[in-house]
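Architecture at a glance
Residue strings, one per chain:
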Amino acid sequence: MEKYVLVTGGAGYIGSHTVVSLVENGYTPVILDDFRNANRVVIDGLTKILGKKPIIIELDVCDQNGVKEIFESYKFEGIIHFAAYKAVGESVDEPLKYYQNNLMGLINILSNMIEFNVKNLVFSSSCTVYGEPKGIKEVTEETPKNFPNSPYGFTKWIGEQIIEDTFKANPSLNLMNLRYFNPVGAHKSSLIGEFPIGKPNNLMPYITQTAIGKQEELIVFGNDYPTIDGTCIRDYIHVVDLAYAHVKAIVFLAGKFGSFETINIGTGKGSSVLEIISAFESETGQKLKWKYGKRRSGDVTEIFANATKAKNILEWEAKLSIKDAVIDAWNWEKKLIEHNEK
Ligand code: WQD
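What counts and what doesn't
- Along each chain, numbering runs from 1 in the same order as the chain's sequence is written.
- The predicted origin of the model limits local features to residues at a pLDDT of at least 70 and limits the giving and counting of side-chain atom pairs to 80 or more, whereas totals for whole chains, interfaces and linings rest on all residues.
- As a convention, hydrogens and water are excluded, and side-chain values are obtained from all of the structure's heavy atoms.
- Pairs of cysteine sulfur atoms within 2.5 Å are what we label disulfides.
- Working definition: with a 1.4 Å probe on protein chains only, accessible area under 20% of the residue-type maximum means buried, over 50% means exposed, and in between means partly exposed.
- We call a residue near a molecule or strand whenever a single non-hydrogen atom of that residue lies within 4 Å of it.
- Between N or O atoms, a polar contact is any pair within 3.5 Å; within protein, one atom must be a potential hydrogen donor and the other a potential acceptor, and residues adjacent in sequence are included only when both atoms are from side chains.
- Accessible surface is estimated by sampling points in the Shrake-Rupley manner with a 1.4 Å probe; for residues, cover comes only from the protein chains shown.
- Strands here are runs of E lasting at least two residues and helices are runs of H or I lasting at least four, both read from the DSSP assignment and numbered beginning at the N terminus.
- Classification convention: Asp, Glu, Lys, Arg as charged; Ala, Val, Leu, Ile, Met, Phe, Trp, Tyr, Cys, Pro as nonpolar; all other residues, Gly among them, as polar.
- Two strands make a pair as long as DSSP finds a minimum of two bridges between them.
- Here, the term right-handed applies to a crossover whose path from the first strand over the helix to the second runs clockwise when the strands point away from the viewer.
- The angle between two axes is taken between their N-to-C directions and runs from 0 to 180 degrees, where each axis is a line fitted to C-alpha atoms and a helix contributes only its stretch in contact.
- A contact between two residues is defined here by any heavy atoms of the two lying within 4.5 Å.
- An angle below 35 degrees is treated as roughly parallel, one above 145 as roughly antiparallel, one from 65 to 115 as roughly perpendicular, and anything else as oblique.
- Left-handed describes a crossing whose near helix is turned anticlockwise from the far helix by less than a right angle; the clockwise case is right-handed.

1. Details of the state of the cysteines
This model, assessed by the stated rule, comprises zero disulfides. Unpaired in this structure, Cys232 has its nearest cysteine sulfur neighbour in Cys127, at a distance of 12 Å. Relative accessible area serves as the criterion here: at 6%, Cys232 is assigned to the buried category.

Listed below in structure tokens is the structure:
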């Protein structure tokens, strides 16, 4: 008996790694993706890792008739909803694109879950909902949410609220918000990984692209923060650990009759920008060209997860290290060059 899980945005960075983890744990993922933010090369990579091509439905998650047909075709154990735009800076320039796509996609999924009596949903949320936690560095799920500093962050903030209100009106549903910290790294095989479109915003892809020569030099945004070395601190979590957390979330929800939880998915440890650079250089032997620049507006000084609830509720904790992440990210970057050279 197939245990189908709908993975919206399943061709994306976190989505594709979650597809692998689902198959490794006996589930049959059904990928819903229109590849607007994903590279089709990832399907070749998934096919090689899994030994067969995964089920893929090329569709806009906001397409009401199309999504309805999918729910008519499959009896889903659960839904993992990744499909959303996620570039903080872009969301400031194009807020309506973000609100329309990110919120209507979620509403379309939830409406079909209710219509087709699908009970279990895992929502891709983000630590960005904490904004600049006033003087708090280690955040728990009870840490008050602050207004995020971007429309992207607000779509996660409002998304969580939509889910909570949907649960209150439909208390037999099993709904879960997973608040990710900073996903980094790639699958050990280097067959799937992150495909930043254009100049990367995030630190790790910028490091690997600088090392491989795609970018001229890494700018470290600020060295005058009140931290151990003056640079910002984040909770960098290996994407393979993050993917497995989604499987554990689906397992947790499968046995419930009415559940609503919000859970931090992080390592529980903070690392500074300089510590990431140093780990990259020492683990890969690559000397990185970088210099200090001015602070980036909107950056939080320091934030990392209290990951106790994930351990207690999901029986999950991060296993891979920053060293694993920088090595896997670098191996992926080198593989990307090969892809591009084909
Ligand atoms: C990390 C640190 C930068 C680039 C964002 C989103 C968040 C989540 C993860 C989706 C910061 C510094 C970065 C560079 C640098 N995304 N940096 N030079 O901003 O913590 O979080 O990605 O859910 O929602 O907000 O990640 O990787 O951009 O930055 O110095 O070229 O690296 O200042 O201190 P961030 P990031």
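After that view of the structure, there is still more to cover.
2. Some thoughts on the site of the ligand
Surveying the vicinity of the ligand reveals 19 residues, the closest of which are Tyr152, Leu203, Ile219, Arg234 and Asp299. A distance of 3.2 Å is found between an oxygen atom of the ligand and a side-chain nitrogen or oxygen belonging to Ser126. At 2.9 Å, a backbone N or O of Phe221 approaches an oxygen atom of the ligand. For the ligand, the protein covers 90% of the area, taking 680 Å² as the surface of the free molecule. Those elements that provide at least two residues to the shell around the ligand are helix 7 (203-212) and strand 9 (218-221). Of the residues in the shell around the ligand, the class split is 11 nonpolar, five polar and three charged.

3. Description of the pairing of strand 3 (residues 55-58)
With four bridges joining them, strand 2 (residues 28-33) and strand 3 adopt parallel strand pairing. Within the sheet, the bridge partner assigned to Ile31 lies in strand 3 and is Ile56. After leaving strand 2, the chain enters helix 2 (residues 41-50) and then returns to the sheet as strand 3, a path that is right-handed.

4. Some points on the sheet that holds strand 2
On the basis of which strands lie adjacent, the open sheet formed by seven strands has the order 3-2-1-4-5-7-12 and parallel pairing. The open sheet is flanked by strand 3 and strand 12 (259-265), the only strands paired with a single partner. In this sheet, adjacent strand axes meet at a mean angle of 20° when their direction is disregarded. Across five bridges, strand 1 (residues 4-8) lies against strand 2 in parallel orientation. Paired with Val5 across the strands is Pro29, a residue of strand 2. Across the sheet, helix 8 (residues 239-254) lies against strand 1, strand 4 (76-81), strand 5 (120-126), strand 7 (174-180) and strand 12, angled at about 160° from strand 7, the strand it touches most.

5. A look at the packing of helix 3 (residues 64-73) against helix 5 (residues 95-115)
For the pair helix 3 and helix 5, the least separation of the axes is 10 Å and the interaxial angle reads 40°. As judged from the angle between their axes, helix 3 and helix 5 are oblique. Two packed elements cross with a definite hand, and for helix 3 against helix 5 that hand is right-handed. On the side of helix 3, the interface is formed by Gln64, Val67, Lys68 and Phe71, while helix 5 contributes Asn108, Ile109, Asn112, Met113 and Glu115. Looking at the contact of helix 3 with helix 5, its residues break down into four nonpolar, three polar and two charged.

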